[in-house]
Amino acid sequence: MRLIHLSIASIVFCLVGLVVLAVVAVTSIHRMETKNAEIAELLELSKRIDDISAASDSLLLFGADPDLWEAFQADLRRIQERLERFDTSYPNAAQGARQIALIHEVLRSAAASDAQPASPEGSRSSRALSPLDISARSRIIMNQVAGHGIALDQSLDRLVRKRREDIAQESRWITGTFAGSALLFGGLCVAAFGLIHHRLGGPAHSIAQTVNRVRRGNPNARAQIRGTDEMAMLAGSINDLLDEQQQAQARLDEQQQKLNRLAYDDQLTGQLSRNGFIRAVTERLQMEGWQRATTMVMLDIDDQWNINDAHGYASGDAFLVRVGERLMSAAGENALVGRVGGDEFVVFLPANDETSASEMRSALGAAFDAPFSLSGLSVEANAHFGYTELGDRQREPETVLREAELALFHGRENAGGQWFAYTESLYETTRQRIDIVQELRNALVNDEFELHFHPKVVLKTGEVAGCEALVRWHHPERGLQSPAVFVEIAEQSQLMIPIGEWVLNEACRHLREWHDAGFNVGHMAVNVSLVQFQVGDFTQTVRDALERHRLPPNALTLEITESVFALESAELLNQLRELRELGVRLSLDDFGTGYSSLMYLQKYPFDEIKIDKGFVRDMLEDRYSHAIVRIVMNLAETLEASVIPEGVETKAMQDALIALGCHIGQGFYYSVPLESEDFRWLLDHRSPLPLPRT
């Protein structure tokens, strides 16, 4: 039987039982009330009979008028009728009714004889008698009435006792019936709910035990299925859910393993990834403790991209796999090897009593001595190494790895040989660079930058022909900082983009103000970093600045150093051509010091070439420098570009440049870079440079 049907049947049965009990209770109460009413009626009847007895005596002694006699007779008849109602069930009631009838007959006879005529004397004699002087006949009648009254009282007393006994017996029967019904109902309810409990308790207990076993870590625990009712269905559903959960957990574990492999293993070489390497080093240090002689090494393969270009990316990938295998073999079984970048590997070399740290590093370097065999190809490769020893000061593994990384990068940038060790000075330098980056961010927010303007001068007359906007950083603690302190760091941290935009807009703003004031400023030159060409649309940035400040494009000159040629690309060439088409003048700054090439001058559209101050400074004493200046001037003339020598510091230099046919120059001989107010004063007074010394 289904639990739902069993529950409904139990509820219906309980409701029916409650109704039956209520009916029995109401019926019993009604019957008890009826019996109690009968007893009360009998008691009241007994009292009336007593009153009849007393009234009969008075009638016999003193007589009564006809109205009272009629009322007395009517009362006797009513009592007789009420006793006769009990006649069918109680014989004593019939006896009582007969005694009433006899009393009535005796009194009626006595009343009839008293109604005959008598002499007046007799009447007077009768009325004068006391109750003690009654006649013998009257005493006989009174004795008869008394006898019948006694018999009536006895009959009525027996009737009341019998009625009480019957009522008591019926009450016991009613109480027993109700109690039996209640006990039967209670027993059946207990049986019904016991059956429900049995049907529920066993499966529920099994399910609870199953849940507890699963919580304690037994994924194979399952609930027992008994029968086909709802609890069996519930147990089956729970088992199905546990099966699905177990399957989902298995899939989750499998996915977690895949994620772990993705997160902690390098997919190409099978070595540890950066995160996996850090985790493995952390576990190793927790297990073996901090050993000061242990070494962390990071290496970078030289020109690995050449292998990709020459033999394809598949060969390049195979090469990286071979490198990982050789490093594992060279480092030993206790070491940890990971690949943390495209061509960067890291090795954790535990301290070894039998082998020194330098010997272990030499073994790593020797891994690149023999060529690598790649599908019949023999490929030679070299690497640069940076390393750090754990030492006495305990650090996080990530910090140790960062130290080796700093050593590698510093050694590679400074051509410090194949191996480079980490030192505290490297950390201090790095910390200072980080501090400067944060301070530069604050400087942008707090408007700590300002522009100084270095005049460009007509050599023959000293007249101001233009200026170059130079950014200065007004540090709140260290004062005015030159670009040499922060420009390189700003370029590496990408902060040169917002700084460069600020310089461009600030220069255009000043130029607009000076034009509005009626000053003849000439060209405003602004230095541009390579980073500004690499990120975003620099041409649009320049166009927006010119439109914002309502300037003609030819009023702006962008000075670009030869370093842009280090990353020569079609995109760079397109941007320079777009700027040229916009009408902005392009100037090649510091020509002759970096990536100078006649091919670049032919390919890129420059309007101006600035000769580096190193050649200008030495041209009076060094024939080579003098020849370079002359050659550049001739080259510029061929390219139809103007020439501006930098670093003019004496009149002799000025005269030598004039002799070579140079028209405009720039240098400290004329003026140092000026603040905006001073440069405005210079424009306002139109004073030739250099100013007279006072």
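Residues numbered from 1 in each chain as written. Predicted model: local features only at pLDDT ≥ 70, side-chain atom pairs only at ≥ 80, totals over all residues. Heavy atoms only, no water.

Asks: Looking at this structure, how should I read the packing of aromatic side chains?
Replies: Taken as a whole, this structure holds 15 aromatic pairs when the rule is applied. Taken together, a centroid distance of 5.2 Å and an interplanar angle of 50° make the contact between W514 and F679 tilted. Residue W514 is found in helix 14 (residues 496-516), and its partner F679 is found in helix 22 (residues 676-685); the two are separated by 165 residues along the sequence. Per residue, the accessibility class of W514 equals that of F679, and both read buried. (Phe/Tyr/Trp six-rings, centres within 6.5 Å; stacked < 30°, edge-to-face > 60°. Helix = DSSP H or I, 4+ residues; strand = E, 2+ residues; numbered from the N terminus. Buried < 20%, exposed > 50% of the residue type's maximum accessible area, 1.4 Å probe, protein only.)

Asks: Is there a simple way to explain the sheet that holds strand 7 (residues 419-421) in this structure?
Replies: Consider a sheet: its strands pair through backbone hydrogen bonds, and that pairing is either parallel or antiparallel. Read across the open sheet, the 5 strands follow the order 2-3-1-6-7; overall the sheet is mixed. On the outer flanks of this sheet lie strand 2 (336-339) and strand 7, each paired with one strand and no other. Pairs of neighbouring strands in the sheet enclose a mean axial angle of 20°, with direction left out of account. Where strand 1 (residues 295-301) and strand 3 (residues 344-349) come together, 6 bridges link them in antiparallel fashion. By the bridge assignment for strand 3, V297 is matched with V347. The sheet strands contacting helix 10 (residues 357-366) are strand 1, strand 3, strand 6 (383-389) and strand 7, and the helix crosses strand 6 at an angle near 160°. (Pairing = 2+ DSSP bridges. Axes fitted to C-alpha atoms, helices over the stretch in contact; angles between N-to-C directions. Contact = heavy atoms within 4.5 Å.)

Asks: What should I look at first to understand the pairing of strand 9 (residues 464-475) in this one?
Replies: In summary, the side chains of a regular strand alternate between the two faces of the sheet. Of all 12 residues in strand 9, 10 are buried; the element is thus mostly enclosed. Of the strand pairs in this sheet, strand 8 (residues 449-458) and strand 9 are connected by 9 bridges, and their pairing is antiparallel. Residue pairing for strand 9: P455 is matched across the bridge by C467. Here strand 8 hands over to strand 9 after 5 residues, with G462 in that stretch at a positive phi of 75°.

Asks: Sorry if this is basic, but what is going on with the nonpolar core here?
Replies: Side chains that are nonpolar tend, in soluble globular proteins, to be buried together. Residues L440, M524, V542, L558 and F679 are the most contacted members of the largest nonpolar core, which totals 76 residues. Looking at this core, the element that brings in the most residues is helix 14, giving 8 residues. If sequence neighbours within four positions are ignored, L558 has contacts with V526, V528, F538, V542, L579, V584, R585, L586 and S587. Grouped together as the second largest cluster of nonpolar side chains are 25 residues, L299, A335, V347 and A367 included. (Core = buried A, V, L, I, M, F, W, Y, C linked by side-chain atoms within 4.5 Å.)

Asks: Would you explain a nonpolar patch on the surface in this entry?
Replies: Together, I8, V12, V16 and V20 give the surface a local cluster of nonpolar side chains, amounting to about 330 Å² of exposed area. Among the structural elements, V16 can be located in helix 1 (residues 3-62). (Patch = residues over 30% accessible without salt bridge, like charges linked within 9 Å, V, L, I, M, F, W, Y side chains within 5 Å. Areas by Shrake-Rupley, 256 points an atom, 1.4 Å probe, with all protein chains shown as cover. Salt bridge = Lys/Arg side-chain N within 4 Å of Asp/Glu carboxyl O.)

That is the geometry; function is a separate question.
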